[in-house]
Each structure stands twice: as C-alpha cells, then as structure tokens.
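Structural description and commentary
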Amino acid sequence: MTCKQVHTFSNTNIHLKGEFKLSFSKNNNSNSPESKKNKTKDPLLKSLAENVKIIKKAMGNSNDIIIREVDILKTDKQRIAIIYADGLADKTAITDFIMESLMLDLDIDSTPETRGEDIIQYLKNFCLTVGDVEDVTDLQSVYQAVLNGETVILLDGQTKAIATSTKSSKDRAVSQPSTESVIRGPQESFTETLRTNTALIRRKIKDPNLWIKSRIIGDITQTDVAIMYINGIANDKIVKEVLERLDQIDIDGILDSGYIEELIQDSKFSPFPTVYNSERPDVIAAALLEGKVAIIVDGSPFVLIVPALFPAFLQAAEDYYQRSIISTLIRILRYGGIFVSLMVPSLYISITTFHQEMIPTPMLISIALQREGVPFPAFIEAILMEIAFEILREAGLRMPRVIGPAVSIVGTLIIGQAAVEAGIVSAVMVIIVSITAICSFLSPAYAMSNSIRMLRFPLMILASMFGLFGIMMGAFAIILHVCSLRSFGIPYTAPFAPLIPSDQKDAIVLFSRDSLLTRPRLVNQKNVTREQKQVRKKGRSDLGES
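A look at the overall build of the protein
Tallying secondary structure elements over the protein gives 17 helices and 12 strands in all. Taking the contacts inside the protein whose residues are at least 6 apart along the sequence as the reference set, 67% of them involve residues at least 24 apart. Carbon and sulfur atoms form 59% of the exposed surface of the protein, whose accessible area is close to 28,800 Å².

See the structure below:
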C-alpha cells in the first residue's frame, strides 16, 4: 500500500447511517423525537384539591407517595401541598430546606403586592434554600419529578408548581471493579447512580469542554441516559448519530445499558460486539480523550463507548500503567491466546481425522494409544467436552459465590478424569479443551471472549467435514465479515484495514508514552494532536560517581 493510499484512508469522511430506525411500539406509527414531544400533556388546574385528587388517583393511592397539605403566609392563608416519594427523596432535606422555610421562616407581610403568579417567583427567590428549582406546568412532569426523587410544591389557585431537587443520596459505594481488575492502576468502578458515574469521570477530566447531553428513554421506566463527550475532540457527526439513534428508540423500559447497546448497535446478527462497555472510569476517560462518545444509563454500572473497534477489545487498562515493552509482550500473548482459543480444537479435529501424516510418528502413536477404546470420532469427542465445559462454566457463574468456583474446578477435574478412565474421551482431548478454555479468558473484554467461544463450534464442524480446507474457509469468512463491519461509521478493523501507519503505535505493539503524539485518525478528525513532541536532553552517565 502506498503512502498516498494511506493518506486517503486517514482522511476519509465518515459514512454514517442516517436512516437508522428502531421501532418497538405496537400502537405508535412514528418513533421520531417530534412525535414524542407532541404527546398531549394534562395541565395543572387552579384548584389544589382537584390536583391532589388527580395525582392520588393516577398513582393508585400508593402509600409511599407522601402528600402534605399545609397553610403558609400569616395574613392571607395560602394552601399548598408538598408531594414526594418516600425512599426516593431525602426527608432531612425536605424538612430543613423546604418545610421549615415555608412554615416558619416565610414572611411576606411586608410585600402585600406579592400575589398571583408572583408568589411562585417569590418562593423561588427568597424562601426555598435548595439548589435546583424548576417550574412545572403539567401533571406528567409532576409524576416524573416525584418519581425521580424530587419534591413538588403545588399552590392553590396556581396553574404552575415548583419542583425542587431533593434526591436521596443512598447508593452503592464506589468499590473495586469486579470484571476488570488490575494490579496497577485506579481501584474504583462505576455504581448504579447516574450522577455518581458522571462525577467519577469529571474527577479525571477537569475540562469545561466535557459536555453532557441528557435523554429520558422508556415510556414506563423513564430511564435517565447521559451522553458524554469532549467538545472540540469528539467528531460532531458521531455525536449527532448517537443522539439520533437514542431519540429513535421507542420502548417501554430500559433496565440496563445492555438494552441500549442492543438497540443502537450497527449489526444485529454479528457475533462481534460493535459497542464497548466498561465499569472502569479510567477506561471511559481514556476513550473520551481519544474522541469517542460515552453513554451512561441510570441504574447500570457499565458505561458504553462508541465507536468500538476490534483492537480495543484486546487492550486492557493496565497496558498504559506499566512499561510499554511489558505491555507489548502481554498484548502479543492475548492475540496468541485468541488464536489458540478459536483454532486449536478445529485443528486437532482436522489433523487427527484427515491429515494424520502431518503428525510426527511418536506423537501419532501416542495419540492412537490414547484413543484406543474411545467409541466416538474426534469431532463428537470435542463437542461433548466443549459443551461439558460450557455447562460447568455457566453453573459456576450462576451458583452462589461461596461454592461457585469450587464446584466449577472440582467438577471439571472429576468429570475430566472420570471421562478419560471410562474411555469416553481421550486424555489429549481433555488437554486441548483445557488449554482452549484458559486461553479464552485472556481477552480483557468479556463480550469478545463470548464471540470467540461461539465461533469455535462452526469451525469445528467445518474441520470435521473438510479438514484444513474447511478451517481455511471458515477463517476467510470470519475475516471478511469482520472487515465488513462498521461501528458508527468507523471501519471495525481500523487501524489494520484500512491500514493507518500512525495508529499502529497503539495496536498490537504499544510504543512508549512520548511516542503516542496523535489520536486515532478515523475516530478523531478535529483535534488530532494529543501530545507535543518532547525534546529530551541527554543526561550525564556519571552522576552516581563521586
């Protein structure tokens, strides 16, 4: 490939799918954001009693919805209702900053002209000592505010209410990552609270250009979703595409970021993931600095990153916290482990079934002796062992943590040894399956590990039918499929195909920190420079000498 071709690839305009559509509603004919905004909303009535009656009926008279009606003002009694959800709102904040201010500290006898609509503005400016105060004009907004942990204040004779931020701070403490553990590096992970997760990222990127766009997805769950990106670094086309895909989602509920991942991914039927997820704030911060976009879902400790390219699934956070030469060796080991996990079972089947002449004579004799008395061909033998291992692995994950690892380890040893002694499988097959299973866990991303495990079975079938020729056909099909994938308009195999020499510094081989001067060219086309080239002065070699 010539330098001119490389330059053309690196400056290629990103082709995004503007016609991307999703539909999960049976009754709605349009999923556009405009149709959602045009839904009719019931306005608040002037009668406080009527408003309270409607709210109680709409919420089924639930006993966790607290409605406190009190009178304020000394001269002209003003009836108000304070509404909040028990358990979602902070009772201490409601008592200290709302009820006490309204019932004890409020005094507007000196301002008799404060009547009508002006009383709401007066309460907001001089009485309510909470941080976030907003106006509410319809019942749907009242329901949403209450169920988000806010406190709503209704006034008799007013068609406008006040929503105050009193969300309870009860959430899971920031703890160590459970799926992406590292020896060296930050030992913190996301929680299920949206604002805690955004704060963890802002602690690492203290830049005003770190922007957040909010969306509410789910007709019933009303789940808060935040889109984070660095303005001036992230590609505007990618940000626009992310927002459009999120706005086109029309579904009843979002309970985890996995819902969003499946709804916005490019290829539904591809075994390879095109959306990256992580529970580590440092991984998300590093992706944002490269120009990518983060999607945070309230209630999920896993944050999504788009676009997601194939090399990213084989890169761990710890690669950047130790010396580059060590990280390079570990990455090469990961790529080798992926190859072993994908190819070794099918290679064993094809060689022992069709190509015995490729095996050295002593090894062939040893394998033949071990397979003596085994009633199944190599393919059936491998399938049985692979399925048995997958069952044990799944059982170990679903069982209680105290006994899960013990059951999986003991079960594997006992079943493997018993199967060999019973003559059902050979000892070589047990070794092959064990090596394959261990290598499948070398991938830092669990989603990529699942893809490799799934592709192993079709390759085994092709190997049993056509030998090495079948493996080559399967490998070519996988490579062609991977090269055809895109993640939000970016080629999935970049920087390998298209080949971008400048981005090879952080692909398989990791160069030293002072060599990573630019961001990925296809992901970022606005602010490419990441670091200025450092001119290091040569130090004296005799500083330690007296």
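Some words on the sheet that holds strand E9 (residues 293–297)
Hydrogen bonds along the backbone pair up the strands of a sheet, which may run parallel or antiparallel. Pairing in this open sheet of five strands is antiparallel, and the strands run E6-E7-E9-E10-E8 from one edge to the other. Looking at the sheet topology across the chains shown, the edges are occupied by strand E6 (210–217) and strand E8 (276–278). Averaged over all pairs of adjacent strands, the angle between strand axes in this sheet comes to 25 degrees, irrespective of strand direction. Its contacts with the sheet put helix H8 (residues 236–247) on E6, strand E7 (223–230), E9 and strand E10 (303–306), and the angle it makes with E7 is roughly 170 degrees.

What to know about the environment of Arg519
Within the secondary structure, Arg519 sits in the segment after strand E12 (490–491). C-alpha of Arg519 to C-alpha of Thr529: the two residues are 10 residues apart in sequence and 6.3 Å apart in space. Once residues lying within four places of it in the same chain are set aside, the contact partners of Arg519 are Ile233, Leu289, Glu290, Asp503, Asn524, Asn527, Val528, Thr529 and Arg530. Within the structure, the side chain of Arg519 is placed 2.5 Å from the backbone oxygen of Leu289, a separation counted as a polar contact.

A word on the environment of Ile233
The residue Ile233 is located in the loop between E7 and H8 in this model. Residue class for Ile233 comes out buried when judged on its relative accessible area of 9%. A sequence separation of 295 residues divides Ile233 from Val528, and the C-alpha atoms of the two residues are 7.8 Å apart. If we skip the residues at most four places from it in the chain, Ile233 touches Leu288, Leu289, Glu290, Gly291, Arg519, Asn524 and Asn527.

Considerations on the nonpolar core
Residues Ile201, Phe272, Ile284, Leu288 and Tyr492 are the most contacted members of the largest nonpolar core, which totals 61 residues. Beyond its immediate stretch of four places on either side in the chain, Ile201 contacts Phe190, Leu210, Met228, Ile284, Leu288 and Ile296. Among the nonpolar cores identified, the runner-up in size contains 29 residues, and Val239, Leu309, Ile490 and Ile500 belong to it.

Describing a nonpolar patch on the surface
On the surface, a cluster of nonpolar side chains totalling about 640 Å² of accessible area is made up of Ile325, Ile326, Leu329, Ile330, Ile332, Ile508, Val509 and Phe511. Counting through the fold element by element, Ile330 comes out in helix H11 (residues 324–353).

Concerning the packing of H11 against helix H13 (residues 378–398)
Look at H11 against H13: their axes get within 9 Å of each other, and the N-to-C directions meet at 160 degrees. Of the possible angle classes, the one that applies to H11 and H13 is roughly antiparallel. Seen along the crossing, H11 lies across H13 with a hand that is right-handed. Taken together, the residues of H13 that come into contact with H11 (itself represented by Pro345, Tyr348, Ile349, Thr352 and Thr353) are Ala378, Phe379, Ala382 and Glu386. In terms of residue class, the contact of H11 with H13 is built from six nonpolar, two polar and one charged.

Quick look at the pairing of E9
With five of five residues buried, E9 is to be regarded as a mostly interior element. Burial along E9 is two-sided: Val293, Ile295 and Val297 facing one way and Ala294 and Ile296 facing the other are all buried. Summarising the sheet, E7 and E9 pair through four bridges and their orientation is antiparallel. Residue pairing across strands places Val225 opposite Val297, the latter belonging to E9. Both E9 and E10 contribute to a ladder of three bridges, which runs antiparallel.

Considerations on the packing of aromatic side chains
If you walk through the whole model with that rule in mind, you get four aromatic pairs. Look at Trp211 and Tyr229: their rings are 6.2 Å apart centre to centre, the planes differ by 65 degrees, and that puts the pair in the edge-to-face class. Here Tyr229 lies in strand E7 and Trp211 lies in strand E6, a separation of 18 residues in the sequence. Tyr229 gets classed as buried once you look at its relative accessible area, which sits at 6%.

Focus: the pattern of salt bridges
In this structure the tally under the stated criterion is 21 salt bridges. Glu69 is the partner of Arg79 in a salt bridge, and the nearest nitrogen-oxygen pair spans 3.6 Å. With Arg79 in strand E2 (residues 78–85) and Glu69 in strand E1 (residues 65–72), this pair connects stretches of sequence that are 10 residues apart. Overall, Arg79 belongs to the partly exposed group, its relative accessible area being 33%. Between Glu390 and Arg453 there is a salt bridge, with the nearest N and O atoms lying 2.7 Å from each other. Highlighted residues: Glu390 in helix H13 and Arg453 in helix H16 (residues 446–466), separated in sequence by 63 residues. Arg453 matches Glu390 in its accessibility class, with the two residues each being buried.

Considerations on the sheet that holds E1
Within the open sheet, the five strands sit side by side as E1-E2-E4-E5-E3. Their pairing is antiparallel. Both edges of this open sheet fall to E1 and strand E3 (133–136), since each of them pairs with a single strand only. The sheet shows a mean angle of 25 degrees between the axes of neighbouring strands, direction not considered. Of the pairings in the sheet, the one linking strand E4 (residues 151–155) to strand E5 (residues 161–164) comprises three bridges and is antiparallel in character. Residue pairing for E5: Val152 is matched across the bridge by Ala163.

Definitions and limits used
Residues numbered from 1 in each chain as written. Predicted model: local features only at pLDDT ≥ 70, side-chain atom pairs only at ≥ 80, totals over all residues. Heavy atoms only, no water. Helix = DSSP H or I, 4+ residues; strand = E, 2+ residues; numbered from the N terminus. Contact = heavy atoms within 4.5 Å. Areas by Shrake-Rupley, 256 points an atom, 1.4 Å probe, with all protein chains shown as cover. Pairing = 2+ DSSP bridges. Axes fitted to C-alpha atoms, helices over the stretch in contact; angles between N-to-C directions. Polar contact = N/O pair within 3.5 Å; in protein donor to acceptor, adjacent residues only side chain to side chain. Buried < 20%, exposed > 50% of the residue type's maximum accessible area, 1.4 Å probe, protein only. Core = buried A, V, L, I, M, F, W, Y, C linked by side-chain atoms within 4.5 Å. Patch = residues over 30% accessible without salt bridge, like charges linked within 9 Å, V, L, I, M, F, W, Y side chains within 5 Å. Salt bridge = Lys/Arg side-chain N within 4 Å of Asp/Glu carboxyl O. Parallel < 35°, antiparallel > 145°, perpendicular 65-115°, else oblique. Left-handed = near helix turned anticlockwise from the far one by under 90°. Nonpolar A, V, L, I, M, F, W, Y, C, P; charged D, E, K, R; others polar. Phe/Tyr/Trp six-rings, centres within 6.5 Å; stacked < 30°, edge-to-face > 60°.

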